[in-house]
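The residues making up each chain are set out below.
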Amino acid sequence: MKVKWDKADLSKYTEIINEGLITSLQDINTKDDIETGFHDITAVITKATNEIAQKPKTRKNKPKLKVMSDEILKAIRNKKSAFYYWKAKGRPTDCLDPFLLEKKITTQELRKTCRLEVAQKRIQERNEIIEASSSNKTLFYKLINKQRGKLSRRIDELNVGDNIYNTPEQIMEGWKIHFGQLAENTLDENFDSNYLKTTENEYKNIIELCNNLYQNAVSYVKWDNSFSEDYFKIEQGVRQGGTLSADLYKLYINPLLNFLCDSGLGGKIGNINCCAPTCADDVALLACNPLDIQTMVDIAVDFSKREGYHLQPSKSVILPVKSKAKTIETNLGFWKLNDTVMPVVDKASHIGITRSQNNSAQTTVDENLKKTRRAIYSLMGTGLHGENGLDPETSIAMLRTYILPILTYGLEIVIPKGKILDNLQIQYKKLLKQILSLNINVADPAVYLISGLLPIEAEIHLKSFHCLEILQEQIKTHLSGS
């Protein structure tokens, strides 16, 4: 370490040396003691030097240029040449000095050229988005996803079990441990081992079909465009994020749904049992009788023990919904999952729709507005911000493709009315005016005429009609099949 002795604290240096010598020069009687004392004195001098040495200034690396072109290279050469002659003339500081003026002019020209190239690149990217929005939908989605903000994919801290991971390398290792535990074949004392043995013959045909997918299958963790160094084996369950994973899991969970329907418990629409609406592993049990709920929970627990998987206690909750129908009063802690009391909550999410005790429409609209804001922020980098952004046609296309489905998700099921719908319309019209760079006082019909979009209430009605059409098609298919 280089020390500037003219600026160093010599008194402090002398004090540290004296204290070290007093300790190091005691009890020197043999040759080995002399050698040890010599090393101790060297350590004392090193310590004293480090104490008084000035800490080196950490130099921040200059940000790299976002673009590079022949014009920028030429501007860089001119700037370096002007700096060289200014330095050779002794770094004059006179504001009228020609070498200093030349250095400032070349620096300004370099910055101006960089700004022009960045602006030109931005315009080129927006033109590609504008052209792709009408001619090539695949390229359009690719360009949008490339320029979307990465904030939604960032994780600063990951908790796995009792461990906390902070750095990108640790987070990747944490994901690997988490998914590796899910894929590890484990046997629990509560599992029905006899049933597991009897079912082995039933899925041999399925295993033969899926051999290419899951025999000796392994998985890696991809995080922040990099892969984990080691892999983990897929010994049970389905591959996380696989193309067929959702369909394969539906086959796996279908017997449980058959058991629940055949039990005759839970909610019904006419004579149709609808006690367990399900999407993959997201199952909701519906019933007016609390005893039916507990019985269906026990059926699900028994099925999990036979099939060899664990239910998530933190995600298994009870949501009482107020209705005009009379229900049986229950005590606190009535519902249990594996002898663990299931928590009673005031709201819960099922297939992305937030249900609450009193007003599911309000909670769903609030969640949709939060998700919509995050989606808009992530698309600002593409130019979806109104003034000085993308042209109105492309902006409306992006709004219809990325924003509107998030804003109206689930509202054909829990249809908002009254003040809830009014608040949703206000937020929707405000968003349209910002994207189209219109004044806040512009009449609502003008906004819809310019954008070509329908009011939010009409969008919800269209989704409701589409949902009804799907149900009717399902009924026709069911009747024709029976």
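Quantities reported herein were computed from a predicted structural model and do not represent experimental measurements. (Residues numbered from 1 in each chain as written. Predicted model: local features only at pLDDT ≥ 70, side-chain atom pairs only at ≥ 80, totals over all residues. Heavy atoms only, no water.)

1. A word on the overall build of the chain
Here is step 1 of the chain: The number of helices and strands found in the chain is 16 helices and 14 strands.
Here is step 2 of the chain: Here the chain holds 482 residues, and 29% of them are scored as buried.
Here is step 3 of the chain: Considering only intrachain contacts with a sequence separation of at least 6, the fraction spanning at least 24 residues in the chain is 61%.
Here is step 4 of the chain: Carbon and sulfur atoms provide 53% of the accessible area of the chain, an area that totals close to 33,900 Å². (Helix = DSSP H or I, 4+ residues; strand = E, 2+ residues; numbered from the N terminus. Buried < 20%, exposed > 50% of the residue type's maximum accessible area, 1.4 Å probe, protein only. Contact = heavy atoms within 4.5 Å. Areas by Shrake-Rupley, 256 points an atom, 1.4 Å probe, with all protein chains shown as cover.)

2. Side note on the packing of helix α10 (residues 245-262) against helix α11 (residues 290-307)
Pairs of packed helices are described in terms of their axes, by the angle between the two and the distance that separates them.
Here is step 1 of the chain: Interhelical geometry of α10 versus α11 gives an angle of 150° and a closest axis separation of 10 Å. As for the relative orientation of α10 and α11, their crossing is right-handed in sense. Contacts between α10 and α11 involve Tyr 252, Ile 253, Pro 255, Leu 256, Phe 259 and Leu 260 on the former and, on the latter, Met 296, Ile 299, Ala 300, Phe 303, Arg 306 and Glu 307.
Here is step 2 of the chain: Class assignment of the residues belonging to the contact of α10 with α11 gives a composition of 10 nonpolar, no polar and 2 charged. (Axes fitted to C-alpha atoms, helices over the stretch in contact; angles between N-to-C directions. Left-handed = near helix turned anticlockwise from the far one by under 90°. Nonpolar A, V, L, I, M, F, W, Y, C, P; charged D, E, K, R; others polar.)

3. Points about the nonpolar core
Here is step 1 of the chain: The biggest cluster of nonpolar side chains holds 30 residues, and the ones touching the most others in it are Leu 399, Ile 403, Leu 424, Tyr 428, Leu 432 and Ile 456.
Here is step 2 of the chain: Listing elements by their share of this core, those giving two or more residues are α12 (360-379), α13 (392-407), α14 (418-435), α15 (444-451) and α16 (456-481).
Here is step 3 of the chain: Not counting residues up to four positions away in its chain, the partners in contact with Tyr 428 are Leu 404, Leu 407, Tyr 448, Leu 453, Leu 454, Pro 455 and Ile 456. (Core = buried A, V, L, I, M, F, W, Y, C linked by side-chain atoms within 4.5 Å.)

4. What about the state of the cysteines?
Here is step 1 of the chain: Using the criterion set out here, one finds 0 disulfides in the structure.
Here is step 2 of the chain: In this structure Cys 261 is a free cysteine whose sulfur lies 4.7 Å from that of Cys 275, the closest cysteine sulfur available.
Here is step 3 of the chain: By relative accessible area, Cys 261 is classed as partly exposed at 37%.
Here is step 4 of the chain: What makes Cys 275 buried here is its relative accessible area of 0%. (Disulfide = S-S within 2.5 Å.)

5. Some words on the packing of aromatic side chains
Here is step 1 of the chain: According to the stated counting rule, one finds 4 aromatic pairs in the structure shown.
Here is step 2 of the chain: Measuring from ring centre to ring centre gives 5.5 Å for Tyr 84 and Tyr 85, while their planes differ by 70°; the resulting arrangement is edge-to-face.
Here is step 3 of the chain: With a centroid separation of 5.5 Å and an interplanar angle of 90°, the aromatic rings of Phe 334 and Trp 335 are classed as edge-to-face.
Here is step 4 of the chain: Among the residues examined, Phe 334 registers a relative accessible area of 31% and is labelled partly exposed.
Here is step 5 of the chain: Judged by its relative accessible area of 13%, Trp 335 falls in the buried class. (Phe/Tyr/Trp six-rings, centres within 6.5 Å; stacked < 30°, edge-to-face > 60°.)

6. Some details on the pairing of strand β13 (residues 347-350)
Here is step 1 of the chain: Of the two faces of β13, the one holding Ala 348 and His 350 is buried and the one holding Lys 347 and Ser 349 is not buried anywhere.
Here is step 2 of the chain: Pairing of β13 with strand β14 (residues 353-356) involves 4 bridges; the strand directions are antiparallel. Looking at the pairing, Lys 347 lines up with Ser 356 of β14.
Here is step 3 of the chain: Here β13 folds back onto β14 in antiparallel fashion, the turn holding 2 residues, of which Ile 351 has a positive phi close to 45°. (Pairing = 2+ DSSP bridges.)

7. Some words on helix α3 (residues 70-88)
Here is step 1 of the chain: Taking 1.5 Å as the rise per residue, α3 with 19 residues should run 27 Å; its terminal C-alpha atoms sit 27 Å apart, in good agreement.
Here is step 2 of the chain: Among the residues of α3, those classed as buried are Ile 72, Ala 75, Ala 82 and Trp 86. An end-on view of α3 places all buried positions within 90° of arc, on one side of the element. Of the exposed residues in α3, those oriented more than 90 degrees away from the buried face are Asp 70, Lys 74, Arg 77, Lys 80, Tyr 84 and Ala 88.
Here is step 3 of the chain: Backbone geometry just after α3 places Gly 90 at a positive phi near 90°. (Expected span 1.5 Å × (residues − 1). Arc of directions from axis to C-beta.)

8. A look at the side chain of Ser 69
Here is step 1 of the chain: Among the structural elements, Ser 69 can be located in the loop between α2 (31-52) and α3.
Here is step 2 of the chain: Of the polar contacts made by the side chain of Ser 69, one reaches the side chain of Glu 117; its length is 3.5 Å. (Polar contact = N/O pair within 3.5 Å; in protein donor to acceptor, adjacent residues only side chain to side chain.)

9. Side note on α11
Here is step 1 of the chain: For α11, with 18 residues, the first-to-last C-alpha span of 26 Å sits near the 26 Å given by 1.5 Å per residue.
Here is step 2 of the chain: Residues Pro 290, Ile 293, Gln 294, Met 296, Val 297, Ala 300, Val 301, Phe 303, Ser 304, Arg 306 and Glu 307 constitute the buried set of α11.
Here is step 3 of the chain: Measuring from the side-chain oxygen of the N-cap residue of α11 to the backbone nitrogen of Leu 291 gives 2.9 Å; that N-cap residue is Asn 289.
Here is step 4 of the chain: Among the residues trailing α11, Gly 308 stands out with phi positive, at a value near 80°.

10. Observations concerning the pattern of salt bridges
Here is step 1 of the chain: Overall, the coordinates contain 6 salt bridges when judged by the stated rule.
Here is step 2 of the chain: For Glu 51, the salt bridge goes to Lys 12, with nearest N and O atoms at 3.9 Å. Pair noted here: Glu 51 is in helix α2 and Lys 12 is in helix α1 (residues 10-24), with a separation of 39 residues, a long-range link.
Here is step 3 of the chain: For Asp 302, the salt bridge identified is with Arg 306, shortest N-O distance 3.4 Å. Highlighted residues: Asp 302 and Arg 306, both in helix α11, separated by 4 residues, approximately one helical turn.
Here is step 4 of the chain: For Arg 306, a relative accessible area of 15% puts it in the buried group.
Here is step 5 of the chain: One salt-bridge network, in which partners are shared between bridges, spans Lys 429, Lys 433 and Asp 444. (Salt bridge = Lys/Arg side-chain N within 4 Å of Asp/Glu carboxyl O.)

11. Topic: the environment of Ile 403
Here is step 1 of the chain: One can find Ile 403 in helix α13.
Here is step 2 of the chain: Accessibility expressed as a relative area gives 0% for Ile 403, which makes it buried.
Here is step 3 of the chain: Each C-alpha atom of the pair Ile 403 and Thr 372 lies 6.2 Å from the other, and the pair is 31 residues apart in sequence.
Here is step 4 of the chain: Discounting chain neighbours no more than four positions away, the residues touching Ile 403 are Thr 372, Ala 375, Ile 376, Leu 379, Met 398 and Leu 431.

Everything listed here is a matter of geometry and, on its own, says nothing about what the molecule does.
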